[in-house]
Every structure is written in C-alpha cells, then in structure tokens.
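# Reading the structure
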Amino acid sequence: MKRIFSGVQPSGNLTIGNYLGAIKQFVQLQHEAEALYCVVDLHALTVPQDPDELRKRSREIARIYLACGVDPQKATIFLQSHVKEHAELGWLLQCATYMGELSRMTQFKDKSSGKSAVHVGLFTYPVLMAADILLYDTTHVPVGEDQKQHIELTRDIAERFNHRYGEVFVIPEAEIQAFGARIMALDDPSKKMSKSAESEASRIAILEPVDVFRKKIMRAVTDTDNEIRFDPERKPGISNLLTIYSLFADEPVESLVERYAGQGYGTLKKDLVEVMSEKLGAIQRRYEQWNDEAELDRILARGAEKARSLAEQTLNRVKDAMGLVRFS
Ligand code: ATP
Ligand code: LTN
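Procedures and definitions
Residues numbered from 1 in each chain as written. Chains lettered and ligands numbered in written order. Predicted model: local features only at pLDDT ≥ 70, side-chain atom pairs only at ≥ 80, totals over all residues. Heavy atoms only, no water. Near = heavy atom within 4 Å. Polar contact = N/O pair within 3.5 Å; in protein donor to acceptor, adjacent residues only side chain to side chain. Areas by Shrake-Rupley, 256 points an atom, 1.4 Å probe, with all protein chains shown as cover. Helix = DSSP H or I, 4+ residues; strand = E, 2+ residues; numbered from the N terminus. Nonpolar A, V, L, I, M, F, W, Y, C, P; charged D, E, K, R; others polar. Expected span 1.5 Å × (residues − 1). Buried < 20%, exposed > 50% of the residue type's maximum accessible area, 1.4 Å probe, protein only. Arc of directions from axis to C-beta.

## A look at the site of ligand 1
Close to ligand 1 lie 21 residues; Lys111, Asp146, Lys192, Ser194 and Ser196 are nearest. Here a nitrogen atom of ligand 1 and a backbone polar atom of Gly17 are 3.3 Å apart. With respect to ligand 1, the backbone of Met193 contributes an N or O atom lying 2.9 Å from a nitrogen atom. Burial of ligand 1 by the protein amounts to 97% of the accessible area it has alone, namely 600 Å². A per-element tally of the shell around ligand 1 places helix 1 (residues 16-29) first, with four residues. When the residues that make up the shell around ligand 1 are grouped by side-chain class, the tally is six nonpolar, 10 polar and five charged.

## Comments concerning the site of ligand 2
Around ligand 2, 13 residues are found, and the nearest of them are Gln9, Tyr125, Met129, Asp132 and Gln147. The separation between an oxygen atom of ligand 2 and a polar side-chain atom of Gln9 is 2.9 Å. Note that a nitrogen atom of ligand 2 is positioned 2.7 Å from one of the side-chain N or O atoms of Asp132. Compared with its free state, where it exposes 370 Å², ligand 2 has 92% of that area covered by protein. Mapped by element, the contributors of at least two residues to the shell around ligand 2 are strand 1 (3-8) and helix 7 (120-134).

## Focus on helix 8 (residues 148-165)
Its 18 residues place the ends of helix 8 26 Å apart at the C-alpha level, agreeing with the 26 Å of an ideal helix rising 1.5 Å per residue. Taken as a whole, helix 8 has its buried residues at His150, Ile151, Leu153, Thr154, Ile157, Ala158, Phe161 and Asn162. Each buried residue of helix 8 lies within a common arc of 165° when the element is viewed along its axis, so the set occupies one face. For helix 8, exposure combined with an orientation more than 90 degrees from the buried face picks out His163 and Arg164.

Right under this line is the structure:
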C-alpha cells in the first residue's frame, strides 16, 4: 500500500521553490494514496525563532497547504509538535544513528558554516526527519532535490534497524520530480532559492503581490547573449526562468523555447509575470478565504488525532523491538 508523508518548516515565507518543488506534488499525490502533510514546527526550532512569529507561521503554512489545493477530506494536515511520538521516536533513533553519518549531511555543513553558536538540534535534525517519515510506514516522500541526502539517511537508519531488531520499519523512497526539483535563486542562479536566505531579491513568496515580484523577475540575473535556450549548465539564469514558466503554465520547455526564439529575455520575463500573477493570484484568493482560524484549528486537531493513532502503533513496535517495558 502506498503511503505519502512530507513536511515543510515554518521558518520563513514559503517561496515558489517550495510550491513547485514540493507542495504542487502534495496536491497531485493526495489523489493516489493516503497522504499526511505535516508542518514541521519542531524542525524550525533548530535555528532561533521568535515565538509569536513561529506560532503565526505554523498556522500560515497549514493555510497555504489548503490554499494550494491540499484537501483536508483527502489528506491529513497537522502540526508536528501535536504528535509527541515524533520527538519520542526521534530520541530512540538517535541511539541508532552514528555521529559520522550526521557529519556528512551537506545541509548541516551549509547551515552551520561561519556560525559561532550552533545548537545540537541542527546537527541531529535529520534523525527527527527520519522519525517523521518512519512513524507512518511511509512508502513515498515528495520533496525537492535538497532533501535527497536526508531520505537516503532515513533509509540507512531503517535498514540497519530492521537488520538488528527485525522487520519494524517500512523502507521509504524519495519522490523527486525529474524537472523543477531545484528552483534557483533569482539574483544568483548558482544557489537554491530558499525561504530563509538573506537576500529578498533571491526569492518570490507564494503570497507576494504581483507588484513586488514583477521587479524581481524583470531584474532576475541572466547572461548577456540574449538567446533563449534551455541549458542549465551554461545558461543557468534563463534556464531557471524557463523552468519556472514551464511549471506554472503547464507547458513543456521545448515549446516555450520555440515560441520565444529570437525574442530576447524581456518579452519572456514579462509574459512569465502574467502567468505567475494568474496562478499565484488564485492561490492568494483561496488563502484569503481560509481566514477562519477556529476552522483551521479544527482541521489541525483532527489531523493530529488521525496521525497520532497511526504513530502510536509504530512507536509501540519500536519500543517492543528495542526492549522497553510496556504494560499491556
Ligand atoms: P530553509 O531556507 O528554511 O531551509 P527551504 O526554502 O529550503 O527552507 P524547506 O522547508 O526546507 O524550505 O523545504 C520544504 C520543501 O520544499 C522541501 O521538500 C524542499 O526540498 C522543497 N524546496 C525548498 N526549496 C526548493 C527549491 N528551491 N526548489 C525546489 N524545491 C525546494
Ligand atoms: N527537512 C525538510 C523538512 C522535513 C521533511 C520531513 C520533509 C522535516 N521532516 C519529513 C519530508 C519528510 C526540509 O528542511 N525541507
């Protein structure tokens, strides 16, 4: 049986990278299998957060899931901190993971480099992510390219655990799109677009008004030869814009390249703004409609209850396997 799980951190305003790389897939996959979509608030605590902001953002991410088309009748939407089993399995798995494995994680290296004070949680974060996934007997994890290494670690931990203790965990697979799994920063197409990067010009938020993002697209870094061609190696800037265009318009890149041949970057950028304005505008209108916080909280409470009932069963299996006493 196919089971989907994924999560997004409430660590900033969600970008079109998060939408195209992950959330768009959440919407498609909810029709194919049982799906759980989590707001991973415990993960956001790995770097300093303002408490009021974090509370606000956590609900906002859930609301964006809904605005993008995740259907609470089909998929389970919940906050990670509402299901204690995540933290509990996180600890048990920390005792089944090696320091060396975590030292190799590139996201840790990127996020800790140059910082004088780094919390332990930033280092052990991939183990909590493994717990998130393994708690639900997940078979497929829709994520962007940057999460591939964490899913591989999850598989290694689960396989080793099963080898040592018997068949306790289902081994999950990453579900990474062949195209659009790594949207690049607009002001520097050698870097990934990220919601917590310093530069505002690097990203476009899902909830951003067209007047703000128009400037960012028009000023997006491209090369100087003005030739529209898809070549991420040699022409990363224009290739990134073509990717974004193709995914928002649901039109293959080849057809865009053909259509804009000989027209220069300005025309393509202007049309891209139009396409994005239409798609993001629709999401933003739905976001406005989901403005009843009591209703949102009811969805999250129901989601947590459903998630808890699944998580408890897995956690009991793990405790039994590891030799913890349980009263029946
Ligand atoms: P942060 O900057 O706080 O690390 P982020 O923007 O990388 O945040 P996450 O919460 O870590 O966002 O990611 C949520 C999901 O979006 C993940 O599945 C991740 O792989 C995906 N994702 C993030 N950035 C991109 C991107 N630039 N292109 C495609 N997918 C992305
Ligand atoms: N580490 C991920 C967020 C995340 C996640 C998960 C994604 C936490 N737990 C479980 C998929 C499945 C990130 O930073 N994007």
